[in-house]
Amino acid sequence: MKQKLTPTLLAAVVAGALSSPAMADIIISQYVEGGSNNKAIEIANTGDTSVSLDGYTLAKSTNGGGEWGSSLSLDGRVLAAQSVLVIAHSSASDDIKAVADIINGSVTGFNGDDPMALLKDGVEHDVLGVMGDVDFAKDVTLVRNSDAMTPSSTYDASQWSSLPKDSIEGLGILDSGSAPESFACTQDGQTPNFTAIQDIQGEGDTSPFINGYPYITDQDFYVQGVVSAVTTGLTKGFYLQALSDDYNPDTSEGLFVHTNQSSSELQPGDVVCVKGKVQEYYNHTQLKTESNNWVKQGEQAAPSATEIEILPSDSDFDRTLERYEGMLVKTTQALDMRVTRTFGYDYAARRNNMVLAQGRINMQPNQNFAAGSVLAEQQSIENAQRRLFVESDAKAADGEIPYYPDFGRTDVDQDGSTEDYIRIDDTIIGLEGVLTYSYGDYRLITTNTLTSENFVRNDPRSQKIEMKEGDLRIATFNVLNYFNSPFGGDTNPHGDNRGANSYEEFEVQQAKIVNAILRLDADIIGLMEIENNGFGDSGAIRQLVDQLNARIDRKKDRYDIVAIDSNGDKVTDENDYIGTDVITTGVIYRPKVVKLQDSRVIPMPSQQAPEVVDDKGKVIEDGKNYQRDSLAPTFKVKGTKESITVAINHFKSKGSSCWEDAAPVEQGGQGGDDLDKQGSCENFRVAAAVALGDALNEIDGHKVILGDMNSYGMEDPMLVLTDYSQEKYGKTITAARNTYIVGAVQFGDEGAVITDNYGYINAVAKAHPISWSYSYNDEVGALDHLLISPSLEKHFVDATDWHINGGESTLFDYNDEYKGDLPKYQDHFRASDHDPAVLELNMAGSFSFGAMMSLFGLALWRRRQ
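Residues numbered from 1 in each chain as written. Predicted model: local features only at pLDDT ≥ 70, side-chain atom pairs only at ≥ 80, totals over all residues. Heavy atoms only, no water.

Considerations on the state of the cysteines
Applying the stated rule across the entire model yields two disulfides. Two residues, Cys185 and Cys273, share a disulfide whose sulfurs are 2.0 Å apart. Taking the sign of the S-S torsion, about 80° here, the bridge from Cys185 to Cys273 comes out right-handed. You can see Cys185 sitting in the loop between strand E13 (160-163) and helix H3 (197-201) and its partner Cys273 sitting in strand E17 (residues 270-281), a full 88 residues away along the chain. (Disulfide = S-S within 2.5 Å. Helix = DSSP H or I, 4+ residues; strand = E, 2+ residues; numbered from the N terminus.)

Some points on a negative patch on the surface
Together, Asp199, Glu203, Asp245 and Asp246 make up a region of like negative charge exposed at the surface. Relative to the elements of secondary structure, Asp199 occurs in helix H3. In this structure Asp199 comes out as partly exposed when scored by relative accessible area, which is 45%. (Patch = residues over 30% accessible without salt bridge, like charges linked within 9 Å, V, L, I, M, F, W, Y side chains within 5 Å. Areas by Shrake-Rupley, 256 points an atom, 1.4 Å probe, with all protein chains shown as cover. Salt bridge = Lys/Arg side-chain N within 4 Å of Asp/Glu carboxyl O. Lys, Arg positive; Asp, Glu negative; His and termini not counted. Charge placed at Lys NZ, Arg CZ, Asp CG, Glu CD. Buried < 20%, exposed > 50% of the residue type's maximum accessible area, 1.4 Å probe, protein only.)

What to know about the sheet that holds strand E52 (residues 837-841)
An order of E31-E32-E30-E29-E52-E51 is seen for the six strands of this open sheet, with the pairing classed as mixed. Of all strands in the sheet, those bounded by a partner on one side alone are strand E31 (560-561) and strand E51 (796-801). Pairing of strand E30 (residues 524-531) with strand E32 (residues 583-589) involves six bridges; the strand directions are antiparallel. Its bridge partner lying in E32, Ile530 is registered against Thr584. Contacts from helix H8 (residues 540-549) reach strand E29 (472-482), E30, E31 and E32 within the one sheet, and its direction differs from that of E30 by about 130°. (Pairing = 2+ DSSP bridges. Contact = heavy atoms within 4.5 Å. Axes fitted to C-alpha atoms, helices over the stretch in contact; angles between N-to-C directions.)

Concerning empty space enclosed by the protein
Under the definition given, this model contains one cavity of 30 Å³ or more. Considering only enclosed or pocket space, the largest cavity measures out at about 80 Å³ in volume. As for the largest cavity, its lining consists of Ile530, Glu531, Asn532, Asn533, Gly534, Phe535, Ile541, Ile578, Thr584, Thr585 and Gly586. Per element, the largest residue contribution to the lining of the largest cavity is three residues, and it comes from E32. (1 Å grid on protein atoms, 1.4 Å probe; cavity = no way out; pocket = protein on both sides within 12 Å on 5 of 7 lines; lining within 4 Å. Points joined across faces, edges and corners; volume = space filled by probe spheres on them.)

What to know about H8
Of all 10 residues that make up H8, seven are buried, and the element is covered over most of its length. Within the sequence span of H8, burial applies to Ala540, Ile541, Gln543, Leu544, Val545, Leu548 and Asn549. In this structure, the buried side of H8 is in contact with E29, helix H7 (503-520), E30, E31 and E32.

Let's talk about the domain arrangement of the chain
Assigned domains of the chain: these are domain 1 (27-163), domain 2 (197-303), domain 3 (317-405 + 425-457) and domain 4 (472-841). Taking the mean C-alpha position of each, domain 1 and domain 4 sit 51 Å from one another. (Domains from an automatic or database assignment.)

Remarks on the environment of His795
Tracing the sequence through the fold places His795 in the loop between strand E50 (784-788) and E51. Among the residues examined, His795 registers a relative accessible area of 6% and is labelled buried. Those residues in contact with His795 that sit more than four places away from it in its chain are Glu642, His702, Glu840, Leu841, Asn842 and Met843.

Some points on the side chain of Gln201
As for its placement among the helices and strands, Gln201 is situated in helix H3. Classification of Gln201 as buried rests on a relative accessible area of 1%. A distance of 2.8 Å separates the side chain of Gln201 from the backbone oxygen of Gly254, its partner in a polar contact. Residues contacting Gln201, with those up to four places away along its chain left out, are Thr206, Ser207, Pro208, Ser252, Gly254, Leu255, Thr285 and Glu325. (Polar contact = N/O pair within 3.5 Å; in protein donor to acceptor, adjacent residues only side chain to side chain.)

Some words on the side chain of Ser773
With respect to the helices and strands, the residue Ser773 is situated in the loop between helix H13 (763-767) and strand E48 (774-776). Apart from the residues lying within four places of it in its own chain, the contact partners of Ser773 are Gly781, Ala782, Leu783, Asp784, Asp801, Gly806, Asp833, His834 and Asp835.

Here we look at the nonpolar core
Membership of the largest hydrophobic core comes to 66 residues, with the highest contact counts inside it found for Leu472, Ile474, Phe477, Leu527, Ile588, Ile644 and Leu839. With 33 residues, the next largest nonpolar core counts Met327, Met337, Leu388 and Tyr825 among its residues. (Core = buried A, V, L, I, M, F, W, Y, C linked by side-chain atoms within 4.5 Å.)

Quick word on the sheet that holds strand E35 (residues 606-608)
Strands sit in the order E38-E35-E44-E45 across an open sheet of four strands; the sheet is antiparallel. Only two strands of the sheet have a single partner each, and these edge strands are strand E38 (624-625) and strand E45 (744-747). One ladder, built from two bridges, connects E35 with strand E44 (residues 739-741); its direction is antiparallel. From the neighbouring strand, Ser606 faces E44, where its bridge partner is Tyr740. Its contacts with the sheet put helix H10 (residues 682-697) on E35, E38, E44 and E45, and the angle it makes with E45 is roughly 115°.

Topic: helix H6 (residues 374-386)
Its 13 residues place the ends of H6 19 Å apart at the C-alpha level, agreeing with the 18 Å of an ideal helix rising 1.5 Å per residue. Along H6, the residues that are buried comprise Ala376, Gln379, Ser380 and Asn383. The buried side chains of H6 occupy one side of the element, clustering within an arc of 100° when seen end-on. Exposed and facing more than 90 degrees away from the buried side of H6 are Val374 and Leu375. Among the structural elements, helix H5 (365-368), strand E24 (387-391) and strand E49 (779-781) are those in contact with the buried residues of H6. (Expected span 1.5 Å × (residues − 1). Arc of directions from axis to C-beta.)

Remarks on unusual backbone geometry
Going from Tyr213 to Pro214, the amide bond is cis rather than trans, its omega being 10°. Structurally, the position occupied by Pro214 is in the loop between H3 and strand E14 (221-232). A positive phi angle, near 55°, is found at Asp139, a position not held by glycine. Here Asp139 shows up in the loop between strand E11 (123-128) and strand E12 (140-144). Of the residues examined, Asp139 reaches a relative accessible area of 31% and is grouped as partly exposed. Notably, Asp166 is not glycine yet its phi reads approximately 75°, a positive angle. By the element assignment, Asp166 lies in the loop between E13 and H3.

Structural data, given as structure tokens:
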């Protein structure tokens, strides 16, 4: 008899409850992983007597990490014979809560990659799911089959039947799924009329059999084809290839069959008959079939991958991929699929993947075109049309790329760097997989593995910078939170550690930075994201310079630091800091090349605006925002009469929130929208650009603005510092409201409309118009800049971004998290997440004999290093 467990029933059997007899089995009988928090677990007693649940615990392993973390003790409960206990999420639907016996928001906070277990006295008694961050049951309800009603510490997907997402059929009663009857490929006892795969796909973006909502047909279709791939993770089902070609390039020869099962006995080469309904699932054409509504009819050679070819008639690359939807395909050199984001975590899909772009990497729209312009919007559209995600069916284990097993594992020549890597702008040849569509993008689920031979290195790794040389080299370097205070350095009075979590990580981080800066070989280097713990012997900047100098043999070639005296006593010590943030900017330089004449801090504005509250009175932005001050020392270039001021900056982050971002449009804000893709706080960064430009106007001599401006090349702060005018760019630039500089008002309640520019020249863009130094999502651009005053144009030799960081995989950085057993390398690659920008100047004069000798001597010295 099916019986729902109620408190009354529990009370009636408590007195006579005994330990579980041999005839009774306590099992997980149903699992609901629905939308939002519609989550529930059903536990059943399949025996004929009541069972005490003392010693039983329901446990969850988050992301299949291998340990049972969140848990719920079932002590004190008794489960009657042939009854169930339902544990539901505290925010589940009312229908789920209506049959729930326990409400819990922790152990039931699972997703399809969180294994669940019943533990008995701490030992695994019954397990549902697979360890290793595998989507074994995402967006599905699982019901235990009637022939599998005994506990097992090993999960077997074939013992469970699938129900659609959010189905709660049978929840709260001892019910079970049953193995469906075997499917016969007949229609009314006759051989069915098969519909060709090409006819289901059609020549357009959607199947011709779909005519609007609900985007699924009422009638069933019989389809016959040969299996090209079986997927049980990212997509659950199999891919069929047509048995014959229709010789129409506008129709795909492949089709995905959605079974919603996490296992299958089918193999590539199996000839299959399947019955199902045609469906456009979020614009992915597929055949949706009920459980086991297919039958293997024979075998033949497994399909070979088809080369993707762009036709002249294709309006864009999206159209090209649509013609191959559902097929087993491969990339070629002619197709030129370039890595535009290296393998790493995709927060939208909650898994590791990689992104390719056809023909070129994807530039951030505001890098080369003014933010909000028609050209920037067109760039964004073209980026989307060229994009192809590269996925593995199963989620990747830490430190591994499933389709590139040698990644990061080799160092054949023992030079301290691996030969097996993936960089942005690599072209991948011979990558095979089935083509699917989800989350608004085409995705290639890989079916083969790669070696280094599959990569064309369009932008190969380099041991030194390739650029024209002058007699003064200036560079930026973001040191990615170089913190030494947890490892014997001076205390940071401003906040917690943002850097390495262990001394082992710190050693790798420090070695990478030192190796990179030595190869950078610059005379003045502006640093960002260095710990703000003073200038004493154990300050972060001093320790970094000491490590550098220990590797430089000749004393006269070594570095010194620009120290700031914050006490007014002209003696710097460990109690001197720049600003109040936990990180700061810094400058190191070669006294051999330049002499420090003056050191100064340029204070940046703060914002003290009113609070922004929503319609419920909740404060969503407190209006109080701050920026890091700029360090701007002045140097005399030795051997010349020239002086140069170098302003090192780290403007407000795009990921922050300022008044203008949160405030409603009718109040002058953006209402939470970012229509021009500048990120948050662009108006506040404009205020910083004005403060910087005004302060530098008061200083005589040549000037260089450098650092992490948190602005792409043609965003508002950069335009203000370079060549903005309303007439030239057809846009109005405004600065943030209620900004103050050292207590004095900069801009009031209305902010300010900016009408002028400061005339600086973007040095890297001058030499390399299509340049980048940072990767975010699958777009690249430059946040780190070198801007020179017009007076330096006659001294300009070259400028470039050195691609040692931004284009490299995050798996090569110093952090141990998510790296598994991947070897650690102390080379200069991925020393940071920002590439250094480098500027070469000839300060001695372009045509003098002394200048030529100076250049010759400097070049000779650098070759000898």
